[in-house]
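So you can see what is in the structure, the chains are spelled out below.
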Amino acid sequence: MRILITIQKNSVAPRFDLTTEVLIALCEGQKVLGKPRTVLMTRPSSEELCALIIKENINTVICNGIEESHLQYLAWKKMRVIDSVVGPYSEALKAVTGGFLRSGTVLPGAKQGDGK
Amino acid sequence: MRSTETAFFDKIKIIEILNGIPHGAVILDRDLCIVEMNSSLELLTGFAVSEAKRVRADFILRCNIGKSEKLFRKVLETGESLSVEGNIITQDHKNKPIHFTVSPFRNDDGNSVGLFVFLEDISISHSFDQRGFSSDGVKDILGHSSKMLEMFELLPVLAHTDASVLITGETGTGKDLIAEAIHKASKRSRYPFIKINCGALPEALLESELFGHVRGAFTGAVKDKPGLFRLAQDGTIFLTEIGDLPLSLQVKLLSVLDDREFFPVGGVKKEKVNVRIIAATHRALRELVKRGEFREDLFYRLNVLRLHLPALRERDGDIRLLLDYFLRKFNTSLNKSIKEYSGKATEILTSYHYPGNVRELRNIVEYAVHICRGKSVKKECLPDYLVSPLMDMEVNEEQDVKQIDTEGGVQSKPVADKAEHAVPIDGGWRDVEKGMIIDALKKTGGNRSKAALILGWGRTTLWRKLNRYSLN
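Each chain carries its own residue numbering, running from 1 in the direction its sequence is written. For this description, chains carry letters from A and ligands carry numbers from 1, given in the order in which they are written. Whole-chain, interface and lining totals are the exception, using all residues; otherwise, since this is a predicted model, local features are given only for residues with pLDDT of at least 70 and side-chain atom pairs are given and counted only at 80 or more. As a convention, hydrogens and water are excluded, and side-chain values are obtained from all of the structure's heavy atoms.

Draft legend 1. Region of interest: the sheet that holds strand E6 (residues 165-168) of chain B. Residues and elements named next belong to chain B. Two strands pair under a simple rule: DSSP has to find at least two bridges between them. Numbering of helices and strands starts at the N terminus; helices are DSSP runs of H or I of at least 4 residues and strands are runs of E of at least 2. Read from one edge to the other, the open sheet built from 5 strands follows the order E7-E10-E13-E6-E14, with strand pairing classed as parallel. The open sheet terminates on both sides in strands that have one partner only, identified here as strand E7 (193-197) and strand E14 (305-308). Across the sheet, the axes of successive neighbouring strands diverge by a mean angle of 20°, strand direction being ignored. As paired strands, strand E10 (residues 236-240) and strand E13 (residues 276-281) are joined by 5 bridges and run parallel to one another. Counted as the bridge partner of Thr240 is Ala280 from E13. Residue contacts are defined here by distance: any two heavy atoms, one from each residue, within 4.5 Å place the two residues in contact. Axes, fitted as lines to C-alpha atoms, cover a helix only where it is in contact. Angles between the N-to-C directions of the axes lie from 0 to 180 degrees. Docked against the sheet, helix H9 (residues 175-185) engages E6, E7, E10, E13 and E14, running at close to 155° with respect to E6.

Right, dumping it as structure tokens:
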């Protein structure tokens, strides 16, 4: 399974359309195979991001805020989109491979003071 | 007395003040994390306040105001309020234009210790600006027929009370617009107007949407969710297609109307609400009551104020007015320069019976403006079913017409009684066709050639049908 997470620093990026960096991970069962790679985009663009998702044969997209048109497009392309995810992308990756990541999840580590 | 007052004000919780604001409002600390946010913002973002607390605002608000953190920090540093326009991604994946106002909170030393961010939804004014429409809902409802004037007179009365309103009328008559206009003209206008289609969701989901649920109430209920009744606090909830509301939920709705409180799904604590209910339906509720499909007590509870919207065919002169209005509108939006309807097109358009009412008329004009290549909308630019109506005309036998009855009574009349084009609904197709022939002959003063032309037939076909129906 190929997973793409829109990221901003260490977190899932707040908006799909304003994302300039993504993380692509290859997973098998609950394991992440190899080291996930990051891709920097030249500029924030939903269209270019959708094209990248198709090109990379992604199965699951994890993001936070996403507009209806892009959500529909990705769904039409048979992509699984888990949106409104808030928190560190490492936790998002852990949760999705564990099979318990759902849309609208506020992950551990999202809140100030978590884990301290 | 003074100390009692002070004690009272000390007890007021910030959240109660925030929830009194009819727009999104959030308080941030110096680290730009959320300290408190109101229910309007919960509705906009889809995140409950318990989840959003201590999370950086950027990730919950999902706004585009440049680098919002930079802007927030600037307000913290300078201590000066700022206002900017931007947008946010809402819980239903819409890109909503928002006017942001960011103000600092200062401590006794005058240092900024946090921020207050106010988010005003400006999507309505944006869309009106773009379309060149008036921002007053009532002005968007057009009509100068006597029935519409009667209704316009009734609207302020309905707006100035707080009683439930039941809007009836055929599909496409503008029930949603009227409901919104009543809300906008009422004292609740600064609070939310929330619309839900009772026929669009399965029963279990509808209950959860209306009344909310608590975490663990059912599989997949991973967090508390405020229902639409709670989110519409102090505002208006518009229940469209109320006739499709399942019986079990009718009981719950009745108890909300009576007691102004309800239990969320799976909840043990009652929630109090102050919401005005406007309901609408195109179905004959009294008939549903007779058939046992709608609770009689709920019917009377909703039927405090009744407003019946006339079908377009009953609105003398309004068809022409609406045709011109939509022609101008689509001319602008589609960048066309069509000036008028041709004589033939006008004849067809004004004599059509519009079972889909204003919505259908609007769609017909939009179609025609798209198709039309000249300066005038001709017969050829109209949809085929208008040009050869007999092929497509349908009669909805269940359709009935109600009249405004201030005493709450309902009088049913067949469509035929009111329609310019008499369409008897009892005798099936033969009667419909016969009625249309008589109508066409009346219009043409008995001239069969012209009548055949109106009906879209050859003269021989008309002659044959006249014989068949003994009209010769």
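Draft legend 2. Quick look at the environment of B:Ile122. For B:Ile122, the position within the fold is in the loop between strand E5 (112-121) and helix H7 (123-131). Considered as a pair, B:Ile122 and B:Glu85 are 37 residues apart in the sequence and their alpha carbons are 9.0 Å apart.

Draft legend 3. Inspection of the sheet that holds strand E2 (residues 34-37) of chain B at higher detail. Residues and elements named next belong to chain B. The 5 strands are arranged E2-E1-E5-E4-E3 in an open sheet whose pairing can be described as antiparallel. Looking at which strands have only one partner, the edges of the open sheet turn out to be E2 and strand E3 (82-89). Strand-to-strand twist in this sheet, taken as the mean axis angle between neighbours without regard to direction, amounts to 30°. Here strand E1 (residues 24-29) pairs with E2 via 3 bridges, running antiparallel. By the bridge assignment, Ile27 is partnered in E2 with Glu36.

Draft legend 4. Structural context of the interface of chain A and chain B. The interface of chain A with chain B comprises 23 residues on the first partner and 25 residues on the second. Once two parts are joined, some of their accessible surface, as seen by a 1.4 Å probe, is lost; buried area is that loss totalled over both. Across the interface of chain A and chain B, roughly 1900 Å² is buried in total on both sides, 51% from carbon and sulfur atoms. A per-residue breakdown of the area chain A buries against chain B is headed by A:Arg15, A:Lys111 and A:Gln112, which together make up 33% of the total. Salt bridge criterion: a side-chain nitrogen from Lys or Arg within 4 Å of a carboxyl oxygen from Asp or Glu. At the boundary of chain A and chain B, one finds 0 salt bridges. Mapped onto the side of chain A that touches chain B, the elements with two or more residues apiece are strand E2 (11-12) and helix H2 (68-76) of chain A. When residues are sorted by character, Ala, Val, Leu, Ile, Met, Phe, Trp, Tyr, Cys and Pro go into the nonpolar class, Asp, Glu, Lys and Arg into the charged class, and all the rest, Gly among them, into the polar class. Among the residues making up the side of chain A that touches chain B, the classes are represented as 8 nonpolar, 8 polar and 7 charged.

Draft legend 5. Looking closely at the packing of helix H10 (residues 203-211) of chain B against helix H12 (residues 247-259) of chain B. Residues and elements named next belong to chain B. Contact geometry for H10 and H12: axes closest at 10 Å, N-to-C directions at 15°. In this view, H10 runs roughly parallel relative to H12, as classed from their interaxial angle. Note that H10 runs across H12; the crossing there is left-handed. Contacts from Glu203, Leu206, Glu207 and Phe211 of H10 reach H12 at Ser248, Leu249, Lys252, Leu253 and Val256. Between 65 and 115 degrees an angle is taken as roughly perpendicular, under 35 as roughly parallel, over 145 as roughly antiparallel, and anywhere else as oblique. Handedness of a crossing is defined here by the sense of rotation of the near helix relative to the far one, left-handed for an anticlockwise turn of less than a right angle and right-handed for a clockwise turn.

Draft legend 6. Fine view of the side chain of B:Glu433. All names here are of chain B. Counting through the fold element by element, Glu433 comes out in helix H21 (residues 428-443). We classify Glu433 as buried; its relative accessible area is 4%. One polar contact links Glu433 to Lys465, side chain to side chain, over a distance of 3.0 Å. Think of it in three bands: with a 1.4 Å probe and only protein chains considered, a residue is buried below 20% of the maximum accessible area for its type, exposed above 50%, and partly exposed in between. Nitrogen and oxygen atoms within 3.5 Å of one another constitute a polar contact, given that in protein one can donate a hydrogen and the other can accept it, and given that sequence-neighbouring residues count only through two side-chain atoms.

Draft legend 7. Structural view of the environment of B:Leu166. Residue and element names in this part refer to chain B. Residue placement: Leu166 occurs in strand E6. Assessed through its relative accessible area of 0%, Leu166 is described here as buried. Measuring from C-alpha to C-alpha, the distance between Leu166 and Ala179 comes to 9.4 Å, with 13 residues separating the pair along the chain. In this view, Leu166 contacts Ile242, Ala279, Leu285, Phe299, Leu302, Asn303, Leu305, Arg306 and Leu307; residues no more than four positions away in its chain are not counted.

Draft legend 8. Expanded view of the nonpolar core. Residues and elements named next belong to chain B. One finds Phe229, Ile237, Leu239, Ile242, Leu253 and Phe294 to be the most contacted residues of the largest nonpolar core, which totals 32 residues. Within the residue set of this core, elements represented by two or more residues are E7, H10, helix H11 (228-231), E10, H12, E13, helix H13 (285-290) and helix H14 (296-302). Setting aside anything within four residues of it in sequence, one finds Ile242 in contact with Leu166, Cys198, Leu253, Ala279, Ala280, Thr281, Leu285, Phe294 and Leu302. What is meant by a nonpolar core is a set of buried Ala, Val, Leu, Ile, Met, Phe, Trp, Tyr and Cys residues, joined one to another through side-chain atoms within 4.5 Å. Core analysis: the next-biggest nonpolar cluster, separate from the first, contains 31 residues, Leu32, Ile88, Ile98 and Leu115 among them.

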